[in-house]
Amino acid sequence: MLIVESVGADDFADFVVLLHKRQLELSERIREHDEEARALRAARTEDVADDEHDPEGSTLSLEWARLEAIREAEAGESEAIKHALERIRSGTYGVCEGCGRMIPAGRLTVRPFAAHCVSCAS
Ligand SMILES: [Zn+2]
C-alpha cells in the first residue's frame, strides 16, 4: 500500500495516551536507575578508600559509564515527551519541525515523541 497516513486532530487522543503511558514507564525506569547510581556511587567511594589499585575499580567504572549512558538517554526521552505534550497543546504535534510536513502516523505510533519525520531525523 502506498497510502501515506497523516495525523489529524482526531487522532491526537491516542498519542496523548501513548505519551503519558511512556512517560509513566520512563519515570519508573529513571527512579530505578537513580537508585542504581546511588548504590554504585557508594560502592565506588568504598572502593577508592579500600585500595585504589583494586581491579574491581575498573569494573565499577565501566558499570558507571553504562549507567550514565542509559540515564542520559532516558533524560533525553523524557524531555522529548514533554516537548511532544507541549506541541499537542499548541497544535503543532505531528508536524515535522524540520520540513513542516506531517509525520506519518506509523512513525508516531512507534515514537510518539518524534518531532521530525524520518528523512529530517536522519
Ligand atoms: Zn521532515
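Above this text is the structure in question.
Every residue gets a number counted from 1 within its own chain, in the order that chain's sequence is written. Predicted model: local features are reported for residues with pLDDT of at least 70 only, side-chain atom pairs are reported and counted for 80 or more only, and whole-chain, interface and lining totals are derived from all residues. To obtain the side-chain values, all non-hydrogen atoms of the structure were used and water was disregarded.

1. Describing the overall build of the chain
Turning to step 1, where the next piece is worked out: Secondary structure elements are defined from DSSP: runs of H or I of at least 4 residues count as helices, runs of E of at least 2 residues count as strands, and each element is numbered from the N terminus. A count of helical and extended segments in the chain gives 4 helices and 0 strands.
Turning to step 2, where the next piece is worked out: Each helix and strand of the chain, ordered N terminal to C terminal, gives the series α-α-α-α.
Turning to step 3, where the next piece is worked out: Per-residue accessibility, obtained with a 1.4 Å probe over protein chains only, is compared with the maximum for each type, and a residue is labelled buried under 20%, exposed over 50%, and partly exposed between these values. Put simply, the chain has 122 residues, and 28% of those count as buried.
Turning to step 4, where the next piece is worked out: Contacts between residues were defined by any pair of non-hydrogen atoms, one from each residue, lying within 4.5 Å. Within the chain, counting contacts between residues at least 6 apart in sequence, those at least 24 apart form 57% of the total.
Turning to step 5, where the next piece is worked out: Residue-level accessible areas treat just the shown protein chains as cover; the underlying method is Shrake-Rupley with a 1.4 Å probe. Of the accessible surface of the chain, which amounts to about 8,200 Å², a share of 56% is contributed by carbon and sulfur atoms.

2. A short note on the environment of Leu-108
Turning to step 1, where the next piece is worked out: Its location among the elements puts Leu-108 in helix H3 (residues 105–110).
Turning to step 2, where the next piece is worked out: For Leu-108, a relative accessible area of 0% gives the class buried.
Turning to step 3, where the next piece is worked out: In sequence terms Leu-108 and Leu-18 are 90 residues apart; their C-alpha atoms lie 9.6 Å from each other.

3. Regarding the coordination of the zinc ion
Turning to step 1, where the next piece is worked out: The rule for donors is simple: an N, O or S atom within 2.8 Å of the metal counts, and for Na, K and Ca the reach is 3.2 Å. Water is not among the atoms, so a site may look short of donors. The coordination sphere of the zinc ion contains the protein donors Cys-96 (SG), Cys-99 (SG), Cys-117 (SG) and Cys-120 (SG), at a distance range of 2.3 Å.
Turning to step 2, where the next piece is worked out: Square planar and octahedral assignments, for four and six donors respectively, both demand that opposite donors be over 155 degrees apart and that all other angles lie between 65 and 115; tetrahedral needs four donors with all angles between 85 and 135 degrees, and anything else is irregular. Bound by 4 donor atoms, the zinc ion shows angles of 105 to 114° at the metal and therefore tetrahedral coordination geometry.
Turning to step 3, where the next piece is worked out: Spacing between the donor residues of the zinc ion along their common chain follows C-x2-C-x17-C-x2-C. With a gap of 21 residues between them, Cys-99 in the loop between helix H2 (56–90) and H3 and Cys-120 in helix H4 (residues 118–121) connect regions that are remote in the sequence.
Turning to step 4, where the next piece is worked out: Note on Cys-120: relative accessible area 32%, which makes it partly exposed.

4. A few points about the side chain of Ser-78
Turning to step 1, where the next piece is worked out: The residue Ser-78 is located in helix H2 in this model.
Turning to step 2, where the next piece is worked out: Setting aside residues up to four positions removed in sequence, Ser-78 forms contacts with Leu-26 and Ile-30.

5. Quick look at the pattern of salt bridges
Turning to step 1, where the next piece is worked out: Each salt bridge in this description consists of a side-chain nitrogen of Lys or Arg and a carboxyl oxygen of Asp or Glu lying within 4 Å of one another. For the coordinates displayed, the defined rule picks out 11 salt bridges.
Turning to step 2, where the next piece is worked out: In this structure, the salt-bridge partner of Arg-66 is Glu-63, at a minimum N-O distance of 2.7 Å. Linking Arg-66 with Glu-63, this pair stays in helix H2, spanning 3 residues, or about one helical turn.
Turning to step 3, where the next piece is worked out: The partly exposed category is assigned to Arg-66, whose relative accessible area is 39%.
Turning to step 4, where the next piece is worked out: Among the residues examined, Glu-63 registers a relative accessible area of 30% and is labelled partly exposed.
Turning to step 5, where the next piece is worked out: Taken together, the shared-partner salt bridges in this structure form one network comprising Asp-34, Glu-68 and Arg-71.

Nothing here speaks to function; it is all geometry.
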